[in-house]
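# Reading the structure
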Amino acid sequence: MHVLATAGHVDHGKSALLRALTGTEPDRWAEERRRGMTLDLGFVWTRLPGAGDVAFVDVPGHERLVGNMLAGVGPVPAVLFVVAADQGWQPQSEEHLAVLDALGVRHGVLAVTRADLADPAAARAEALARLAKSSLGAVECVAVSAVTGTGLDGLRAALARLARALPAADTAADVRLWADRVFTVRGRGTVVTGTLGAGTVRVGDHLELARDGRPLRVRGLETLKEPRTEVGALARVAVNLHGPGAGTLRRGDALLTPGRWLTTDTVDVRLDGDPAGELPRHLTLHAGSAAVPVTVRPLGRDTARLRLAGPLPLRIADRALLRDPGLHRVPAGVTVLDVRPPALTRRGAAAARARELDAVGGPPDAAGELRRRGLVRRGELLAMGLRPPADPVAGEWLADPEHWAGLRDGLRRAVEEHAARHPLDPGLPLEAARQALGLPERCLVEALLAAGPGLRQREGRLYGSRAGVRVRAPPGTRVPRQAAAAPASAAASRAHPHATVTPAPPCP
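Residues numbered from 1 in each chain as written. Predicted model: local features only at pLDDT ≥ 70, side-chain atom pairs only at ≥ 80, totals over all residues. Heavy atoms only, no water.

Grouped burial of nonpolar side chains is what soluble globular proteins tend to show. Ranked by internal contacts, the top residues of the largest apolar core, which has 38 residues, are Leu271, Leu285, Val294, Leu306, Leu308, Leu312 and Leu322. If you look at the next biggest cluster of nonpolar residues, it comprises 36 residues, including Val59, Leu100, Leu110 and Cys141. (Core = buried A, V, L, I, M, F, W, Y, C linked by side-chain atoms within 4.5 Å. Buried < 20%, exposed > 50% of the residue type's maximum accessible area, 1.4 Å probe, protein only.)

Structurally, the position occupied by Thr6 is in strand 1 (residues 2–7). Apart from the residues lying within four places of it in its own chain, the contact partners of Thr6 are Lys14, Leu18, Val57, Asp58, Val59, Val79 and Leu80. (Helix = DSSP H or I, 4+ residues; strand = E, 2+ residues; numbered from the N terminus. Contact = heavy atoms within 4.5 Å.)

Taking 1.5 Å of rise per residue, the 14 residues of helix 6 (residues 152–165) would be expected to cover 20 Å, and the 20 Å separating its terminal C-alpha atoms lies within 8% of that figure. Among the residues making up helix 6, those that are buried are Leu152, Leu155, Ala158, Leu159, Ala160, Leu162 and Ala163. (Expected span 1.5 Å × (residues − 1).)

Per the stated rule, a full pass over the model turns up one aromatic pair. Ring geometry for Phe81 versus Trp89: centroids 5.6 Å apart, planes at 5 degrees, classification stacked. Judged on exposure class, the residue Phe81 and its partner Trp89 are both buried. When the ring centre of Trp261 is taken as origin, the NZ or CZ atom of Arg315, which lies over that ring, is 3.6 Å away. (Phe/Tyr/Trp six-rings, centres within 6.5 Å; stacked < 30°, edge-to-face > 60°. Lys NZ or Arg CZ within 6 Å of the ring centre and 35° of its normal.)

Before going further, it helps to spend a moment on the packing of helix 11 (residues 430–437) against helix 12 (residues 442–451). Where helix 11 contacts helix 12, the axes come no closer than 9 Å and their chain directions differ by 95 degrees. Of the possible angle classes, the one that applies to helix 11 and helix 12 is roughly perpendicular. Contact residues: helix 11 offers Leu430, Glu431, Ala433, Arg434 and Leu437, while helix 12 offers Arg442, Val445, Glu446 and Leu448. Considering only residue class, the contact of helix 11 with helix 12 consists of five nonpolar, no polar and four charged. (Axes fitted to C-alpha atoms, helices over the stretch in contact; angles between N-to-C directions. Parallel < 35°, antiparallel > 145°, perpendicular 65-115°, else oblique. Nonpolar A, V, L, I, M, F, W, Y, C, P; charged D, E, K, R; others polar.)

Moving on, we get to helix 8 (residues 366–373). Along helix 8, the residues that are buried comprise Ala366, Gly368, Glu369 and Leu370. Check the buried side of helix 8 and you find it contacts strand 22 (329–338), strand 23 (375–377), helix 9 (378–383) and strand 24 (397–399). Two or three places before Ala367, at the opening of helix 8, Asp365 has a side-chain oxygen 3.3 Å from that residue's backbone nitrogen. Following helix 8 by one or two positions, Gly374 has its phi on the positive side, about 80 degrees. (Polar contact = N/O pair within 3.5 Å; in protein donor to acceptor, adjacent residues only side chain to side chain.)

A word on the sheet that holds strand 27 (residues 461–464). Taken in spatial order, the three strands make up an open sheet running 25-27-26, and their pairing is antiparallel. Strands with a single pairing partner mark the edges of an open sheet, and in this sheet they are strand 25 (428–429) and strand 26 (455–458). As paired elements, strand 26 and strand 27 share four bridges and run antiparallel to each other. Within strand 27, the position partnered with Arg456 by the bridge is Tyr463. Packed onto the sheet, helix 10 (residues 401–421) meets strand 25, strand 26 and strand 27 and runs at close to 85 degrees relative to strand 27. (Pairing = 2+ DSSP bridges.)

Looking now at the packing of helix 10 against helix 12. Between helix 10 and helix 12, the least distance of the axes is 10 Å, while the angle of their chain directions is 85 degrees. One element, helix 10, and the other, helix 12, form an angle in the roughly perpendicular class. Contacts from Trp404, Leu407, Arg408 and Leu411 of helix 10 reach helix 12 at Leu444, Val445, Ala447, Leu448, Leu449 and Ala451. A class-by-class count of the residues in the contact of helix 10 with helix 12 yields nine nonpolar, no polar and one charged.

Attention shifts here to the environment of Gly333. Take Gly333: it is sitting in strand 22. Gly333 gets classed as buried once you look at its relative accessible area, which sits at 1%. Residues Gly333 and Val99, 234 residues apart in the sequence, show an inter-C-alpha distance of 8.0 Å. If sequence neighbours within four positions are ignored, Gly333 has contacts with Ala102, Arg270, Leu271, Asp272, Ala320 and Leu321.

When pLDDT is averaged across the chain, the result is 86; 87% of the residues are at 70 or more. This stretch, residues 29–39, has a pLDDT under 50; its non-local contacts, to residues over four places away or in other chains, come to 22 contacts. This stretch, residues 467–502, has a pLDDT under 50; its non-local contacts, to residues over four places away or in other chains, come to 42 contacts. (pLDDT = per-residue confidence, 0-100.)

Another aspect to go through is the sheet that holds strand 22. Strand order in this closed barrel of six strands is 17-20-19-18-21-22, and the pairing throughout is antiparallel. Along the sheet, successive strands turn relative to each other by an average axial angle of 40 degrees, direction set aside. In the sheet, strand 21 (residues 319–324) pairs with strand 22 via five bridges, with the strands oriented antiparallel. Note that in strand 22 the partner of Leu321 across the bridge is Gly333. Docked against the sheet, helix 4 (residues 91–103) engages strand 21 and strand 22, running at close to 145 degrees with respect to strand 21.

This part covers the environment of Pro341. Along the chain, Pro341 falls in the loop between strand 22 and helix 7 (349–358). Pro341 gets classed as buried once you look at its relative accessible area, which sits at 17%. In this structure the C-alpha to C-alpha distance between Pro341 and Arg353, which are 12 residues apart in sequence, comes to 9.3 Å. Apart from the residues within four sequence positions on either side, Pro341 is in contact with Thr266, Val267, Asp268, Arg305 and Arg353.

Now for the environment of Pro311. By the secondary structure assignment, Pro311 is in strand 20 (residues 303–313). Measuring from C-alpha to C-alpha, the distance between Pro311 and Thr266 comes to 8.0 Å, with 45 residues separating the pair along the chain. Pro311 has contacts with Thr263, Thr264 and Asp265, leaving out every residue within four places of it along the chain.

Pasting the structure below:
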């Protein structure tokens, strides 16, 4: 299946065009049909020769309903952009194009509707020129009339060519299904609809509600009104869910593969649009079907830190946009650079972070991310959307090679310095070594010991190559028995008299 969204100014004939293409009414509400204006998302589909099933997400065009439009277009990879021949380019044409450009949508077809009411040439030329300056670039254009049927066959052919050119979705990827509609079916419970952009959902699967981590079981699946036992991306899907919290689901929620995602309320992003210093402090972040208020902190000219009012399941390289709902304006698109950014607590930290982010660009780089962090768990790197570049050094821990070499040298120095300060008790306890190096788990010290020649371990203490494993006192020196048999915690206290020794958890 292929999924496209519509875009364009209100009353330019988007719904009428879909009705003519598919034979199905996309407007679900009686009020929409009475007023002749789409108020919420509609969903229809058809089969195109050579392209198979093509589903459409019909979005409202009114300026007050852009939030609804964003919920539908956010997860969709391609667009059917509509401009009326008798009205030409209009304000919502511009805002919808800004949305698509901010999200980085690169695939589309332009339909110039109402070709029976006016010569489409002028509207066609202006629309193509504007689209060419956006992420869509050069697109195919067809003049049509939903009333007379002129151009519909040509539009179907253009849509089929577009569908065949779309990149294949990854059906083995982790699931992140953004809910764009939630309703209840008597006798069945809660049903969520959305565009499945990646992964596969099966009946019997457990999905995790991103908002609070609660598990929900998939009781049933439908796609294009047909029951299925499994649905793979890319597809429009309706999921019947069961479990605690199913009744609290709402548009903007996300259903996730359990244990494979990080939710975050702080992200560092690259901006495509207004300079960071010119952005309002408070905007709305639109990601998938979610809309979350954010506070903007500029870092560099085109980088910023966003603090979200509620956590979202985001990954490195995700595309989203910032919108000013008061001004009906999209000041910037964003690309997520870091979903676990460091705290900015010291003077000059923001400027230093901006310089660090300047080096981040292009496709997601797992080795670069590991280099910046030094140490990271394998599962956390996967949850960021990156494939681990090497095997773990201990447990689930991955280490940047240069950082790991530095830790080995640091461990050797710590052991030697401890032995020099405490010649009667030269063994550095493992826990003291962990704290001296700032490592999160003791198994990392043991891995460093195994990787670094010249150090030995005995009874939970580390010794250098020149240190013995027994306490040897100089002639005439009386060694208190308790010093020779001091437990590791006491030795650690002597090595770090002002530190509190907190045992680290073992590696899993």
